[in-house]
Amino acid sequence: MPDLSGHERGRRFLPVFPTLCLLAAVLALVYLFQGITAETWDYSLHRRVPIVIALALVGTAVGVSSVVFQTITANYILTPSVMGLDNLYVFLQTLVLCLAGGSQLAVMHSPLYFMMSLLLMVFVSTGIFFYMFRGQNGGNVYFVVLVGMIFGVAFGGLSNFMQVLIDPSEFAVLEGRLFASFNRVNEELLLAAFLVILAALACLAFDLRNLDALTLGRSAAIALGVNYKWLVLRSLVIVALLSSASTVLVGPVTFLGILIVSIARALLPTYRHAALLPGAALVGMCSLTFGMLFTERWLNFSVPLSVIVNFAGGIYFIYLIMRIKRI
């Protein structure tokens, strides 16, 4: 096989991006305008436009954060959600409601509450990630998965304990926030989520070459002049920020990231993050929009999109674990 230069390798992937952009645009237009009549024009577009924006934001945040997280951990089966970030979201939401009481229910959908939840999740999740990847066991995938499962079970148990103590009427409101839903998008949070994700992507753009070097391993990256500790710290904060923004916006979807990244890596078999990150974002948009079309127009809302994603992603994750064991 000939040794291709960087420009030649880049040209191989050029047709993929126009195809993904066209597919994302077509799926978005079909979702927006299919079945619209003159009588339902205003109502349908008013409902569907925020959903399409939320799908694009969540697909971008989950896809990009999963690619960066896999680069940091040097493992292609781990994503932030798999490591217990969803249970952390449930725990923090339950804790806030349990401590603040029913008087805070009215502000749980405000941009201020969104930013508070976001900062809290970023702080806690970054600390957890640092604990899991420090020391000699940081590169052991089984150790990392085990620690992630322990944190997830611990947060889940604490959440269940507090939910028993909450008033039933307040728990009904909380329960609606603990399950991922793309049909109940809070329009007030879209601008805040867009600004947060845009800021995270802008910071990440300065580290693309360093992330490319990091794929060679810690020692090779340091030998190439990469400030490893500072890069990992900055990248973990960005990953926590993107993951938390998507989770707070629509709720937890555990196995969405592993599906998006696997498809993106199959379409773009390269180590260059300048291609992988936008590719993962486009794949996330296409996948979520197609999933919404499938569940709304063909399944008639009989099965939520999050259930389908977690079912397919869970099976694929088990397959990846078993394949690594065979190797």
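Our subject is the structure that appears above.
Figured I'd write up the structure that's included with this text.

What counts as what
- Residues numbered from 1 in each chain as written.
- Predicted model: local features only at pLDDT ≥ 70, side-chain atom pairs only at ≥ 80, totals over all residues.
- Heavy atoms only, no water.
- Helix = DSSP H or I, 4+ residues; strand = E, 2+ residues; numbered from the N terminus.
- Expected span 1.5 Å × (residues − 1).
- Buried < 20%, exposed > 50% of the residue type's maximum accessible area, 1.4 Å probe, protein only.
- Arc of directions from axis to C-beta.
- Core = buried A, V, L, I, M, F, W, Y, C linked by side-chain atoms within 4.5 Å.
- Contact = heavy atoms within 4.5 Å.
- Phe/Tyr/Trp six-rings, centres within 6.5 Å; stacked < 30°, edge-to-face > 60°.
- Axes fitted to C-alpha atoms, helices over the stretch in contact; angles between N-to-C directions.
- Nonpolar A, V, L, I, M, F, W, Y, C, P; charged D, E, K, R; others polar.
- Parallel < 35°, antiparallel > 145°, perpendicular 65-115°, else oblique.
- Salt bridge = Lys/Arg side-chain N within 4 Å of Asp/Glu carboxyl O.

1. Overview of helix α2 (residues 16-33)
Between its terminal C-alpha atoms α2 stretches 26 Å, which fits the 26 Å expected from 18 residues at 1.5 Å a residue. Buried residues of α2: Val16, Phe17, Leu20, Ala24, Leu27, Ala28, Tyr31 and Leu32, and no others. Projection of α2 onto a plane perpendicular to its axis shows the buried side chains occupying an angular sector of 130 degrees, all on one side. In α2, the exposed positions that point more than 90 degrees away from the buried face belong to Thr19 and Leu22.

2. A short note on the nonpolar core
Membership of the largest hydrophobic core comes to 90 residues, with the highest contact counts inside it found for Val58, Val68, Phe114, Phe182, Leu249 and Leu256. Once residues lying within four places of it in the same chain are set aside, the contact partners of Phe182 are Ile51, Leu55, Val58, Val250, Val253, Leu288, Met292 and Leu305.

3. Some details on the packing of aromatic side chains
Using the criterion set out here, one finds 3 aromatic pairs in the structure. For the pair Phe290 and Phe294, a centre-to-centre distance of 6.5 Å together with 20 degrees between the ring planes defines the contact as stacked. Remark: Phe294 and Phe290 occur in helix α13 (residues 273-298); sequence separation between them is 4 residues, near one turn of the helix. By relative accessible area, which is 43% here, Phe290 ends up partly exposed.

4. Structural notes on the packing of α2 against helix α3 (residues 41-73)
The interhelical angle for the contact between α2 and α3, taken along N-to-C directions, is 145 degrees, at an axis separation of 8 Å. Where α2 abuts α3, its residues Ala28, Tyr31, Leu32 and Phe33 lie against Trp41, Leu45, Arg47, Arg48, Val49, Ile51 and Val52. Residues that form the contact of α2 with α3 fall into these classes: 9 nonpolar, no polar and 2 charged.

5. Looking at the environment of Ile222
Relative to the elements of secondary structure, Ile222 occurs in helix α10 (residues 218-223). Placed 12 residues apart in sequence, Ile222 and Asn210 show a C-alpha to C-alpha distance of 9.9 Å.

6. Considerations on the side chain of Thr270
Looking at the secondary structure, you find Thr270 in the loop between α12 (256-267) and α13. The class for Thr270 is buried, based on a relative accessible area of 14%.

7. Re the packing of α3 against α12
Close contact between α3 and α12 brings their axes to 9 Å; oriented N to C, the two are set at 75 degrees. On the basis of the axis angle, α3 is roughly perpendicular to α12. Here Val58, Gly59, Val62, Gly63, Ser66, Val67 and Gln70 of α3 lie close against α12, whose contacting residues are Leu256, Gly257, Ile258, Ile260, Val261 and Arg265.

8. Quick notes on the pattern of salt bridges
Throughout the structure, instances matching the rule amount to 2 salt bridges. The closest approach of N and O atoms between Arg234 and Asp207, which form a salt bridge, is 2.7 Å. Highlighted residues: Arg234 in helix α11 (residues 228-250) and Asp207 in the loop between α8 (187-204) and α9 (208-214), separated in sequence by 27 residues.

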